[in-house]
Amino acid sequence: MFAVFKPARKAALAAIFAVSSIALSACDPIGTGGGPTINTSKPVPVALLVPRGSAQQGDAVLAQSLENAARLAIADLQGIQIDLKVYDTAGNPATAAAAATQAISDGARIILGPVYAEAANAAGVAAAKRNVNVLAFSNNSAIAGGNVFILGATFDNTARRLTSYAARQGKGNMLVVSGDDAAGQAGRASIQNAAAATGANVVGNVSYELSQQSVINSVQTIRDSAASKGATSIFMTATTAGALPLLTQLLPEAGLDPATTQYIGLTRWDIPAQTLALPGVQGGWFALPDPTKSTQFRDRYSATYGGAPHSIGGLAYDGIAAIGALVSAGKSDALTGAALTQGSGFQGVSGIFRLRPDGTNDRGLAIATIQEQKVVVIDPAPSSFTGAGF
């Protein structure tokens, strides 16, 4: 039996929800209508804050990927000029705050980045003092609000998409299975909130400690709870690097037939690719960005820069795309909170997205399953913010 919770894997699991175990709060609001005015007839000054200079492995590659994606987006803008200046944060909150302050002194009218939640929160606080909005690359909803908008994919958005689809398919009576760590708790809360808003029903919760034995011990409880509570689906927060392979192996062996009780995942089940070969994930549901658009971006990026983008590199493209779309209307209030949160949203590298007044986001996601070790889309990503996907 494989080892599920080696230290490196446990760290990877924690990283998925950034620094959610640290108490963060959204910076003081400047109001959803706040933000500077701009002259749309001149190049728009935009600051990009990246984690270059940090000691964390991979941050240099991530920083370059974000910059490359931003410049690719600028090249795609038709008749809109962006004056992009890049600032290094070293992944550090104090450095990020200083970089944000310097960027605004240099003329920036909006800030893209940083990546990490604490750094983004610090940059947001600094930018709020100058009435400038921040489009952070974080996925941590705890820092969203006021002048900080997060571009990263969130548990809340994924849960809304999956619970809505499950309810429509008659699989809306959900037993939530989650780890007892910060990511698991956050995922469980997202599923519960989404179910209440989409017509699904959480019939119970089962949690486990982050150890292989605890996962094994939870299997009988999950099976019995599903039966006694009439669950039509099992909604798991586990990742492919964590408990997911073990759960999807042991639950069918314990008699919880995925052919009748639908398995659903809050995280991607297709990464890494070898996960697709696991017998237990066959037929499971999960959400992912529009595969066609995502592939188009990866191919174009690779053709331009000679290598694949970082997994979140496209967020910088999305930020520039949103700015360009707003500036193209020629209005001086294009970068205010009210403009950024327009209901129709924007087209990004992986499909449609929009920023919500609370600083979080909606992203158009597809519902996929795994059949014969291949990803199969069973409900395409929506092309607009109307209809069943939202």
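Residues numbered from 1 in each chain as written. Predicted model: local features only at pLDDT ≥ 70, side-chain atom pairs only at ≥ 80, totals over all residues. Heavy atoms only, no water.

### Things to note about the pattern of salt bridges
Moving on, step 1. Applying the stated rule across the entire model yields 14 salt bridges.
Moving on, step 2. Arginine 160 serves as the salt-bridge partner of aspartate 362, at 2.7 Å between the closest nitrogen and oxygen. Taken together, the positions of aspartate 362 in strand β13 (residues 361-363) and arginine 160 in helix α5 (residues 155-168) put the pair 202 residues apart, joining distant regions of the chain.
Moving on, step 3. Shared partners join several salt bridges into a network, and the residues in it are Arg160, Arg354, Arg356, Asp358 and Asp362. (Salt bridge = Lys/Arg side-chain N within 4 Å of Asp/Glu carboxyl O. Helix = DSSP H or I, 4+ residues; strand = E, 2+ residues; numbered from the N terminus.)

### Remarks on the sheet that holds strand β12 (residues 351-355)
Moving on, step 1. On the basis of which strands lie adjacent, the open sheet formed by three strands has the order β11-β12-β13 and antiparallel pairing. The open sheet has two edge strands with one neighbour each: β11 (346-348) and β13. If you compare each strand with its neighbour and ignore which way they point, the axes differ by 30° on average.
Moving on, step 2. Here β12 pairs with β13 via three bridges, running antiparallel. Within the sheet, the bridge partner assigned to phenylalanine 353 lies in β13 and is arginine 363. (Pairing = 2+ DSSP bridges. Axes fitted to C-alpha atoms, helices over the stretch in contact; angles between N-to-C directions.)

### Details of the nonpolar core
Moving on, step 1. One finds Val46, Ile82, Phe137 and Ile320 to be the most contacted residues of the largest nonpolar core, which totals 43 residues.
Moving on, step 2. Among the elements that make up this core, the one with the highest residue count is helix α10 (residues 314-327) (nine residues).
Moving on, step 3. Excluding residues that lie within four positions of it along the chain, phenylalanine 137 makes contacts with Leu48, Leu49, Leu66, Leu112, Gly113, Pro114, Val115, Leu151, Gly152, Leu315 and Ala316.
Moving on, step 4. Counting residues in each nonpolar core, the second largest holds 31 residues, with Ile222, Ala238, Leu247 and Val281 among its members. (Core = buried A, V, L, I, M, F, W, Y, C linked by side-chain atoms within 4.5 Å. Buried < 20%, exposed > 50% of the residue type's maximum accessible area, 1.4 Å probe, protein only. Contact = heavy atoms within 4.5 Å.)

### Section: the packing of aromatic side chains
Moving on, step 1. In the structure shown here, the tally under the stated rule is six aromatic pairs.
Moving on, step 2. Centre to centre, the rings of tyrosine 165 and tryptophan 285 are 5.0 Å apart; their planes meet at 70°, and the pair counts as edge-to-face. In this pair, tyrosine 165 is assigned in helix α5 and tryptophan 285 in strand β10 (residues 285-289), connecting sequence segments 120 residues apart.
Moving on, step 3. Using a relative accessible area of 7% as the deciding quantity, one classes tyrosine 165 as buried.
Moving on, step 4. Here tryptophan 285 falls in the buried class, since its relative accessible area comes to 9%.
Moving on, step 5. Ring centres of phenylalanine 297 and tyrosine 317 lie 5.8 Å apart, and the angle between their planes is 65°; on these two criteria the pair is classed as edge-to-face. In this pair, phenylalanine 297 is assigned in helix α9 (residues 291-305) and tyrosine 317 in helix α10, connecting sequence segments 20 residues apart. (Phe/Tyr/Trp six-rings, centres within 6.5 Å; stacked < 30°, edge-to-face > 60°.)

### A short note on the confidence of the model for the chain
Moving on, step 1. Per-residue confidence for the chain gives a mean pLDDT of 91, with 91% of residues at or over 70.
Moving on, step 2. Every residue in residues 1-32 scores below 50 in pLDDT, and together they form 83 contacts with partners more than four places removed in sequence or on other chains. (pLDDT = per-residue confidence, 0-100.)

### A word on the pairing of strand β14 (residues 365-371)
Moving on, step 1. Here β14 lies mainly inside the structure; six of its seven residues are buried.
Moving on, step 2. Note: β10 against β14, five bridges, orientation antiparallel. By the bridge assignment for β14, phenylalanine 286 is matched with alanine 368.
Moving on, step 3. Bridging between β14 and strand β15 (residues 374-379) involves five bridges; their strand directions are antiparallel. Residue pairing across strands places threonine 369 opposite valine 376, the latter belonging to β15.
Moving on, step 4. In this antiparallel pair of consecutive strands, β14 and β15, the connection spans two residues, and glutamate 372 shows a positive phi of 50°.

### Describing the packing of helix α3 (residues 93-105) against helix α4 (residues 117-128)
Packed helix pairs are specified by the crossing angle of their axes together with the interaxial distance, meaning the distance between the axes.
Moving on, step 1. Axis separation between α3 and α4 bottoms out at 7 Å; the angle between their running directions is 35°. Considering the relative orientation of α3 and α4, their crossing is right-handed. Counted together, Pro93, Ala96, Ala97, Ala100, Thr101 and Ile104 of α3 and Glu118, Ala119, Ala122, Ala123, Ala126 and Ala127 of α4 form the full contact between these two elements.
Moving on, step 2. Taken together, the residues of the contact of α3 with α4 sort by class into ten nonpolar, one polar and one charged. (Left-handed = near helix turned anticlockwise from the far one by under 90°. Nonpolar A, V, L, I, M, F, W, Y, C, P; charged D, E, K, R; others polar.)

### With respect to the pairing of strand β7 (residues 201-208)
Moving on, step 1. Relative to β7, strand β6 (residues 173-179) runs parallel, the two being bridged by seven bridges. Bridge assignment links leucine 175 to a residue of β7, and that residue is glycine 204.
Moving on, step 2. For the segment spanning β6, helix α6 (residues 182-198) and β7, crossover handedness is right-handed. (Right-handed = clockwise from strand over helix to strand, strands pointing away.)

### Section: the environment of alanine 99
Moving on, step 1. You can see alanine 99 is positioned in helix α3.
Moving on, step 2. For alanine 99, a relative accessible area of 7% puts it in the buried group.
Moving on, step 3. In sequence terms alanine 99 and leucine 355 are 256 residues apart; their C-alpha atoms lie 24 Å from each other.
Moving on, step 4. Those residues in contact with alanine 99, other than ones at most four positions away along the chain, are Leu49, Tyr87 and Asp88.

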